[in-house]
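Here is how the chains run, residue by residue.
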Amino acid sequence: FALTGVTFSRYMASAYSQDGARVATFGGLTVADSGETLVQPGVAAQKDLTVRFEGSEAATYVFVELQDSGWTRGADNRTYTYGDDRLSWRVADGWTHLQDNVYYRELAPNTPLTARLIAGGAVNVSENMTRTELENLPKGLSIRVQAAAVQREGGDTAKTAWARVNG
């Protein structure tokens, strides 16, 4: 008799790999409005429009577009007037003019934004404004804003990112 010892071995090889992707988080975007404003000749009317963006894991552009509501944009692209300069306001520092009534800010990843749109939070009212002009102000005179936050992709410029918003 020959006794043979046989060993059964079990070899197990395994590898675990997973390619995965996820969507970058994008925080909320809001425009807060201080509401209706009392207009008196020679007294700055308090009007605060604040853009808030909670941030994103990606670099982003935050855009604001001023909707047509009777205001005239000045040659400096920052000052808006109504009624032969009887009312005026200026876009706050930090916003860059892109085109027409569109302004933007570029944000690094994980950077929240809280920024006024109107410099000083006020609309200037001419001291020369008459009672008749005040009474004849359109009921719908407003500063309407639409905001968008867009992920900055590769070599994007603000112009190409804005085109994606409107594309």
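Described below are features of the structure shown in this document. (Residues numbered from 1 in each chain as written. Predicted model: local features only at pLDDT ≥ 70, side-chain atom pairs only at ≥ 80, totals over all residues. Heavy atoms only, no water.)

Section: the overall build of the protein chain
Summing up its helical and strand segments, the protein chain has 2 helices and 12 strands in all. In the protein chain, the succession of α and β elements from N to C terminus is β-β-β-β-β-β-β-β-β-β-β-α-β-α. Residues counted as buried form 31% of the 167 residues belonging to the protein chain. Across the protein chain, contacts joining residues at least 24 apart in sequence account for 70% of those joining residues at least 6 apart. (Helix = DSSP H or I, 4+ residues; strand = E, 2+ residues; numbered from the N terminus. Buried < 20%, exposed > 50% of the residue type's maximum accessible area, 1.4 Å probe, protein only. Contact = heavy atoms within 4.5 Å.)

Regarding helix α2 (residues 158-166)
Buried within α2 are the following residues: Ala158, Ala161 and Trp162. Summarising the axial view, the buried residues of α2 lie within an arc of 100°, below the 170-degree limit, and thus occupy one face. Each element contacted by the buried residues of α2 is listed here: β4 (60-67), β8 (96-99), β9 (102-107) and β12 (144-151). (Arc of directions from axis to C-beta.)

Here's the deal with the environment of valine 165
Examined against the element boundaries, valine 165 turns out to sit in helix α2. Look at valine 165 and you get partly exposed, because its relative accessible area is 33%. Residues valine 165 and alanine 148 lie 17 residues apart in sequence; the distance between their C-alpha atoms is 7.6 Å.

Observations regarding the pairing of strand β7 (residues 87-90)
By the bridge criterion, 4 bridges tie strand β6 (residues 79-82) to β7 in an arrangement that is antiparallel. Within the sheet, the bridge partner assigned to tyrosine 82 lies in β7 and is leucine 87. Remark: 4 residues form the turn of the hairpin made by β6 and β7, two consecutive strands paired antiparallel; glycine 83 in that turn has positive phi of roughly 60°. Bridge count between β7 and strand β11 (residues 122-125): 2 bridges; the pairing is antiparallel. (Pairing = 2+ DSSP bridges.)

Topic: the sheet that holds strand β5 (residues 72-73)
The strands making up a sheet associate through hydrogen bonds between their backbones, and the pairing can be parallel or antiparallel. The strand order across the open sheet formed by 5 strands is β2-β11-β7-β6-β5, and the pairing between neighbours is antiparallel. Looking at strand neighbours, the two that pair on one side only are β2 (45-46) and β5, the edges of this open sheet. Judged from the 2 bridges that link them, β5 and β6 form a sheet pairing that is antiparallel. Considered in β6, the bridge of threonine 72 is made with threonine 81.

Section: the nonpolar core
Ranked by internal contacts, the top residues of the largest apolar core, which has 26 residues, are Trp71, Leu87, Trp89, Trp95, Leu113 and Ile143. Elements represented by at least two residues in this core include exactly β3 (49-53), β4, β6, β7, β9, β10 (113-116) and β11. Core analysis: the second largest hydrophobic core is formed by 8 residues, Tyr61, Phe63, Tyr104 and Ala161 among them. (Core = buried A, V, L, I, M, F, W, Y, C linked by side-chain atoms within 4.5 Å.)

Focus on the side chain of arginine 78
Relative to the assigned elements, arginine 78 resides in the loop between β5 and β6. Put simply, arginine 78 is tucked away with no salt bridge, and the nearest opposite charge, on aspartate 93, sits 4.5 Å away. When sequence neighbours within four positions are dropped, the list of residues in contact with arginine 78 reads Trp89, Arg90, Val91, Ala92, Asp93, Gly94, Trp95, His97 and Tyr103. (Lys, Arg positive; Asp, Glu negative; His and termini not counted. Salt bridge = Lys/Arg side-chain N within 4 Å of Asp/Glu carboxyl O.)

Considerations on the environment of arginine 86
Locating arginine 86 in the fold gives a position in the loop between β6 and β7. Residues arginine 86 and asparagine 128 lie 42 residues apart in sequence; the distance between their C-alpha atoms is 7.5 Å. Not counting the four nearest positions on each side in its chain, arginine 86 is found in contact with Asn124, Val125, Ser126, Asn128, Met129 and Glu133.

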